[in-house]
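Notes for the structure review
Listed below, chain by chain, are the residues.
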2 protein chains.
Amino acid sequence: MKIIDSPEIIQKKASEFKAQGKQIGFVPTMGYLHEGHEQLIKEAKEENDIVILSIFINPLQFGEGEDLDRYPRDEVHDQTVAQKLGVDLLFFPTKESMYPTESAIQLSVNKRTNVLCGKSRPGHFDGVVTVVAKLFHLCQPAKAYFGMKDAQQVAVVKALVDDLNFPVEIVPVATVREPDGLAKSSRNVNLNDQERKDAPVIYAALQQGREMIRNGEQDLNNVKTAVNTFIETHTHGKIDYVELLSYPELENIDRPKGQMIIAAAVQFEKARLIDNQVFDSHGAVTIG
Amino acid sequence: MKIIDSPEIIQKKASEFKAQGKQIGFVPTMGYLHEGHEQLIKEAKEENDIVILSIFINPLQFGEGEDLDRYPRDEVHDQTVAQKLGVDLLFFPTKESMYPTESAIQLSVNKRTNVLCGKSRPGHFDGVVTVVAKLFHLCQPAKAYFGMKDAQQVAVVKALVDDLNFPVEIVPVATVREPDGLAKSSRNVNLNDQERKDAPVIYAALQQGREMIRNGEQDLNNVKTAVNTFIETHTHGKIDYVELLSYPELENIDRPKGQMIIAAAVQFEKARLIDNQVFDSHGAVTIG
């Protein structure tokens, strides 16, 4: 595995691989790799000739008070994981090399953002699409892997690729879960014992919502109310949102139609957990 | 020469060429090809394995009242020219295929636009960078060719490529001129006989300005005044602007420094002509 910090060099390497007819799979991350990331790398490894993993804590996607400086880092662990999983190139740039001058070009996202977690993070997805566009141009993947844990990010990146015709396929990767259903997250360590016992309820509630649609429920408000009640009854967490939207458009719908997402965010004492499930109008799981 | 109207197919072809190790040169145009375009194609042909020419009248870069519908077209002539010059793929998409849905992603340009012609065309360059980004993703060139006649467009596209790390080299191509120095333009046919006789004065005036700097003039206002006076004295056209700026940053400077552009726009009865010259602080021509 080669570790490369220079944008110019990673771009040159990627161009060389492409000229040799090699297909590049790309996994963009902010580091502090967990099993969710490992799953992205494993899928990339299976489906491509070359795997590039990037680790870059993108300042542009952090809002005020979102504590960019306290984002967790563990470079040694990350390199060990990348090496173990057969990553070919680890791209690990500085923010100075990624943003050397004040940009003349601004990318902004006007759809899919004012719902779910995006509602409380203005500008967040502008920063995401900017860094993703830059990383795609540098690493030149045929396929890029994103975890469905952040389904809204997948939807926004899909819009970026579709609207601007990037020659990249976005591969959504199913959320990795604990045996009891809780979505893996580095935030789970911040749950106390009781909260950890309660937390799988979120996923169970989302599945209950999906089940209602599978059984023919047409009123989506009934579904959201049931999911809300289920979570409230079985946890001490405070519900931030339970939403049911079209996917990946993330628009309000008034009855089951096309592909949908049901998603929830729950605030526990020291951890805010999110989870979601994507499924079709018959309640059958379509992604993840 | 293959004529392709489908974005999906041109992207697939481009990907195949790249996987074969072939270098793609790209010439984006709005059609109605003249000698300026021919020069772009010739340079692309010399420096690449495959040349893709696009013809697309981009609605996004036309403002209100800019008469998108009256933009000149001559598909038969354009195809003949492209064929004659050895273009490999002519990409000729419809606007419905380029903009199939309302975009969720917005590209905007915050620098280099509020001067020269950009001053009177708000939003124009947002439309330019959007279509250029899309075309670059579809045609996947190593090099893209733009005429220096529109030096501001070259500067803005350069910002796009640099800020977002596109794996594309922007090749600025010198303005093609008549023997008397007048920049070739499809608008020149709209000059009456006297105006046509006067019009080369624009280029002569810009060269006089450059000559002043070569001879040590440090006050750029003196240079601009001299160019203004020269044009006013020798033509009946109305000067829209004479500007002297850093290039490609297009920022005001107070003395000769780095690379600069001197540019003028002159309104004749039925034609508005623009021209420019790029040079260094010693007055030596650097591009074109």
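Not measured: the values here are computed from a predicted model.

Parameters and conventions
- Every chain is numbered independently, its residues counted from 1 as its sequence is written.
- As a convention, the first chain written is A and the first ligand written is 1, with the rest following in written order.
- In view of the model being predicted, local features appear only for residues whose pLDDT reaches at least 70, and side-chain atom pairs are presented and counted only at 80 or more, with totals across whole chains, interfaces and linings using the full set of residues.
- Excluded from the side-chain calculations are hydrogens and water; all other atoms, namely the structure's heavy atoms, are used.
- Exposure is judged per residue with a 1.4 Å probe applied to protein chains only, and the accessible area is read against the type maximum: over 50% gives exposed, under 20% gives buried, and values in between give partly exposed.
- Strands are runs of DSSP state E lasting at least two residues, helices are runs of H or I lasting at least four, and both sets are numbered from the N terminus onward.
- We treat two strands as partners when DSSP finds at least two bridges between them.
- We superpose the copies by least squares over the C-alpha atoms of residues that have a pLDDT of at least 70 in both of them.
- Residue contacts follow a heavy-atom distance rule, with two residues in contact if any of their heavy atoms lie within 4.5 Å.
- Helix axes are fitted to C-alpha atoms over the stretch in contact, other axes to C-alpha atoms as well, and angles between N-to-C directions run from 0 to 180 degrees.
- Stacked, tilted and edge-to-face pairs are distinguished by plane angle, under 30 degrees for stacked and over 60 for edge-to-face with tilted covering the rest, among Phe, Tyr and Trp rings (Trp via its six-membered ring) whose centres lie within 6.5 Å.
- To sit over a ring, a charge needs its Lys NZ or Arg CZ within 6 Å of the ring centre and within 35 degrees of the ring normal.
- Note: buried area is the sum, over both parts, of the accessible area (probe 1.4 Å) each one loses when the two are combined.
- For this analysis, a salt bridge means a side-chain nitrogen from Lys or Arg found within 4 Å of a carboxyl oxygen belonging to Asp or Glu.
- Residues adjacent in sequence count toward polar contacts only when both atoms are side-chain atoms; beyond that, a polar contact is any pair of N or O atoms within 3.5 Å, and within protein one must be able to donate a hydrogen and the other to accept it.
- Three classes are used: nonpolar for Ala, Val, Leu, Ile, Met, Phe, Trp, Tyr, Cys and Pro, charged for Asp, Glu, Lys and Arg, and polar for all others, with Gly counted as polar.
- UniProt positions are given in the numbering used here, feature names are shortened, and annotations may be inferred rather than shown by experiment.

This part takes up the pairing of strand E10 (residues 272-279) of chain A. Within a regular beta strand, the side chains point alternately toward one face of the sheet and then the other, so they alternate between its two faces. All names here are of chain A. Counting buried positions over the eight residues of E10 gives six, a clear majority of the element. Pairing analysis gives eight bridges linking strand E9 (residues 260-267) to E10, with the strands arranged antiparallel. Within E10, the position partnered with isoleucine 262 by the bridge is glutamine 277. Between E9 and E10, which pair antiparallel and follow one another directly, the connecting turn spans four residues. Taken together, the two bridges between E10 and strand E11 (residues 285-287) define a ladder with antiparallel strand orientation. Residue valine 278 lies in a different strand from E11, and its bridge partner there is isoleucine 287. If you look at the hairpin formed by E10 and E11, you'll find five residues sitting between the two strands, and glycine 283 has a positive phi there, around 85°.

Rotating chain A by 180° about the axis while translating it 0.0 Å along that axis superimposes it on chain B, leaving an RMSD of 0.0 Å. Expressed as an axis order, the relation between the two copies is that of a two-fold axis. Looking at chain A, 97% of its interface residues are interface residues in chain B too, so the copies touch through the same face.

Once that is clear, we can look at the sheet that holds strand E3 (residues 50-55) of chain B. Residue and element names in this part refer to chain B. Strand order in the open sheet made by the six strands is E1-E4-E3-E2-E6-E7, with parallel pairing throughout. Strands with a single pairing partner mark the edges of an open sheet, and in this sheet they are strand E1 (2-4) and strand E7 (169-173). Recorded for the sheet is a direction-independent mean angle of 25° between the axes of neighbouring strands. One ladder, built from six bridges, connects strand E2 (residues 24-29) with E3; its direction is parallel.

Another point: the pairing of strand E5 (residues 105-109) of chain B. Within E5 of chain B, four of the five residues are buried, which leaves it mostly tucked inside the rest of the structure. Two elements, strand E5 (residues 105-109) of chain A and E5 of chain B, share five bridges in a ladder whose sense is antiparallel. Residue pairing across strands places serine 108 of chain A opposite glutamine 106 of chain B, the latter belonging to E5 of chain B.

Two aromatic rings are characterised by how far apart their centres lie and by the angle between their planes. Under the criterion given, the structure shown has eight aromatic pairs over all chains. Geometrically, the ring pair formed by phenylalanine 136 of chain A and phenylalanine 166 of chain A is edge-to-face, given 5.7 Å between the ring centres and 75° between the ring planes. Here phenylalanine 166 of chain A lies in the loop between helix H6 (151-163) and strand E7 (169-173) and phenylalanine 136 of chain A lies in helix H5 (residues 124-139), a separation of 30 residues in the sequence. Residue classification places phenylalanine 166 of chain A among the buried residues on the basis of a relative accessible area of 5%. For the pair phenylalanine 26 of chain B and phenylalanine 136 of chain B, a centre-to-centre distance of 6.2 Å together with 75° between the ring planes defines the contact as edge-to-face. Here phenylalanine 26 of chain B is found in strand E2, whereas its partner phenylalanine 136 of chain B is found in helix H5 (residues 124-139), with 110 residues between them in sequence. In this pair, the class of phenylalanine 26 of chain B matches that of phenylalanine 136 of chain B, namely buried. One aromatic cluster is present, built from ring pairs that chain together Phe26, Phe136 and Phe166 of chain A. The ring of tyrosine 203 of chain A carries arginine 177 of chain A above its face, with NZ or CZ at 3.5 Å from the centroid.

What follows deals with the interface of chain A and chain B. Contacts between the two partners involve 31 residues from chain A and, on the opposite side, 30 residues from chain B. Carbon and sulfur atoms supply 54% of the area that chain A and chain B bury against each other, a total of about 2800 Å² over both sides. On inspection of chain A and its partner chain B, the count reaches two salt bridges. Scanning the region where chain A abuts chain B turns up 23 residue pairs in polar contact (both at pLDDT 80 or more). At the level of elements, helix H1 (7-19), E5, H5 and H6 of chain A are the ones that each hand at least two residues to the side of chain A that touches chain B. No other element matches H5 of chain A, which puts six residues into the side of chain A that touches chain B. Among the residues making up the side of chain A that touches chain B, the classes are represented as 14 nonpolar, twelve polar and five charged.

All names here are of chain A. As annotated in UniProt, the feature "binding site: beta-alanine" (unreviewed entry) corresponds to Gln61 in the numbering used here. Locating glutamine 61 in the fold gives a position in the loop between strand E3 (50-55) and helix H3 (75-84). Here glutamine 61 is in contact with Met30, Glu66, Arg121, His124, Gly127, Val128 and Val131, once residues within four sequence places are set aside. At a separation of 2.9 Å, a polar atom in the side chain of glutamine 61 contacts the side chain of asparagine 58.

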